[in-house]
Amino acid sequence: MFSDRTNWNLKSNRLSEALAKYRAAGKPLLDLTASNPTECGFDYDRRAILQALSNPESLSYDPDPRGLLSARRAVSEYYSAREIVIPADNIILTTSTSEAYSFVFRVLCNPGDELLIPEPSYPLFSFLADIQDVKLVGYPLLYDHGWQIDFHALQQAVTERTRGIIVVNPNNPTGHFCKPSEMRKLNDICAPRKIAIIADEVFLDFSLAENTPRSFAANNGCLTFTMSGLSKISGLPQMKAAWLITSGPEELKAQALARLEVIADTFLSMNAPVQLAMPVFLELRHGFQMQAMARVRKNLAELDQQLLAQSSCSRLEMEGGWYAILRVPVIRSDEDLAIDLLSAHGVYVHPGHFYDFPADGYLIVSLITPDQDFKEGIKRVLSMF
Ligand SMILES: Cc1ncc(COP(=O)(O)O)c(C=O)c1O
């Protein structure tokens, strides 16, 4: 009765089973994977948020397939603050970056076409690709005092069916930004082969680097789709608002936008109250980002201090985002380690394989975890070695 594309193995893995069991027992948990900002103890401007949602204009329905102009203008202004000019016409609003990805996959790929994805990265793509009948091919990121794209391997992964290269900028969980030289190389690979760049910039503002990281939003070297949204930028995942920017050579850009508009028009998935509130929600990002970055810096300093007091574990360098990667001795698989940490020490971390790390020996922790939990959790993690 069902399609092959939905024939997933839906059994939970051993770690999620262990977590469900631990939670059911009602024991206290130090959750070092905490990444839902609404549950991390940040102070939101509740009044401004609720007031923004009560705009009387939301009582009427006047849809625009690309999203309400006032909301798209607010997104343009977000980029103006980075000195990037993005005309509102090049922006399409979506309910999430996942939805933006699916629009882009639809506009670029026939069934069986290929998209290149970074490894390691956030485990979001496989279901998205299955649903759109697209095949994912990994390209490795290399770590050598910082992360970089393995361009040799990336070029070898390109085939006649490659339609796009996904870049997460900064990547989750490695926390590295795409450098200008890497952007140029990506353009050089993509433009002649008619491959698009698909840039996920949900963490762009969360930078620890000295220089302001470059966005792909104004990249014109090849057809480029850049996405971001309120879930990270303003810490408002519950508002379900994101955007997709199309840039590149004029002719390709115009065609892509026209096709995307039809897809967006078919769903009209954005709701009026949230679109009308987007200018306020975007403005609120400053207060949220200040708190989130203060938390990230504090937790990172705590982590580094605890790491100094021992010699078995270290952390990888990061430039931005919300995650830190711990390098730990390989005494068992990362999954077994995470299960032990949970059942014996009450600490929940993500094993590296969750993000397709090529080997064991990596644990991923969220740096927006409330600081007391983070401190105690890291102490317990390090006590295992
Ligand atoms: C790199 C990356 N992209 C996209 C998303 C999903 O964002 P959204 O809530 O807009 O779908 C996440 C969520 O954690 C993410 O880490």
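Further up the page is the structure itself.
The notes below deal with the structure included here. (Residues numbered from 1 in each chain as written. Predicted model: local features only at pLDDT ≥ 70, side-chain atom pairs only at ≥ 80, totals over all residues. Heavy atoms only, no water.)

### Side note on the sheet that holds strand β10 (residues 314-315)
Phase 1 of the analysis: Across the sheet, four strands lie side by side as β10-β11-β14-β13; this open sheet has antiparallel pairing. Two strands lie at the open edges of the sheet, namely β10 and β13 (350-351), each paired on one side alone.
Phase 2 of the analysis: One ladder, built from two bridges, connects β10 with strand β11 (residues 323-327); its direction is antiparallel. Looking across to β11, one finds that S314 is bridged to R327. (Pairing = 2+ DSSP bridges. Helix = DSSP H or I, 4+ residues; strand = E, 2+ residues; numbered from the N terminus.)

### Re the sheet that holds strand β2 (residues 91-94)
Phase 1 of the analysis: Pairing in this open sheet of eight strands is mixed, and the strands run β2-β9-β8-β7-β6-β3-β4-β5 from one edge to the other. Looking at strand neighbours, the two that pair on one side only are β2 and β5 (147-149), the edges of this open sheet. The mean inter-strand angle of the sheet, taken between neighbouring strand axes irrespective of direction, is 25°.
Phase 2 of the analysis: Judged from the four bridges that link them, strand β7 (residues 196-200) and strand β8 (residues 224-229) form a sheet pairing that is parallel. Each residue of the ladder has a partner; that of I198, found in β8, is F225. (Axes fitted to C-alpha atoms, helices over the stretch in contact; angles between N-to-C directions.)

### Description of the side chain of E99
Phase 1 of the analysis: Residue placement: E99 occurs in helix α4 (residues 97-108).
Phase 2 of the analysis: Buried charge without a partner: E99 forms no salt bridge, and the closest opposite charge is K240, 8.5 Å away.
Phase 3 of the analysis: Within polar-contact distance, the side chain of E99 engages the side chain of S269 at 2.9 Å.
Phase 4 of the analysis: Filtering out sequence-adjacent residues up to four positions away, E99 remains in contact with T94 and S269. (Buried < 20%, exposed > 50% of the residue type's maximum accessible area, 1.4 Å probe, protein only. Lys, Arg positive; Asp, Glu negative; His and termini not counted. Salt bridge = Lys/Arg side-chain N within 4 Å of Asp/Glu carboxyl O. Polar contact = N/O pair within 3.5 Å; in protein donor to acceptor, adjacent residues only side chain to side chain. Contact = heavy atoms within 4.5 Å.)

### Brief notes about the pairing of strand β3 (residues 114-119)
Phase 1 of the analysis: Burial within β3 is extensive, with five of its six residues counted as buried.
Phase 2 of the analysis: In this sheet, strand β4 (residues 135-143) lies alongside β3 in parallel orientation, the contact comprising six bridges. Across the sheet, P118 pairs through a bridge with Y139, a residue of β4.
Phase 3 of the analysis: Both β3 and strand β6 (residues 162-168) contribute to a ladder of three bridges, which runs parallel. Bridge pairing links L116 to I165 in β6.

### Brief notes about the site of the ligand
Phase 1 of the analysis: In the neighbourhood of the ligand, the contacting residues comprise S96, T97, S98, Y122, L124, V168, N172, D200, V202, F203, S231 and K232.
Phase 2 of the analysis: Between an oxygen atom of the ligand and a side-chain N or O atom of N172, the distance comes to 2.8 Å.
Phase 3 of the analysis: Contact distances for the ligand include 2.9 Å between an oxygen atom and a side-chain N or O atom of K232.
Phase 4 of the analysis: Notes on the ligand: free accessible area 400 Å², of which the protein chains cover 90%. (Near = heavy atom within 4 Å. Areas by Shrake-Rupley, 256 points an atom, 1.4 Å probe, with all protein chains shown as cover.)

Spatial relationships are all this shows, so hold off on functional conclusions.
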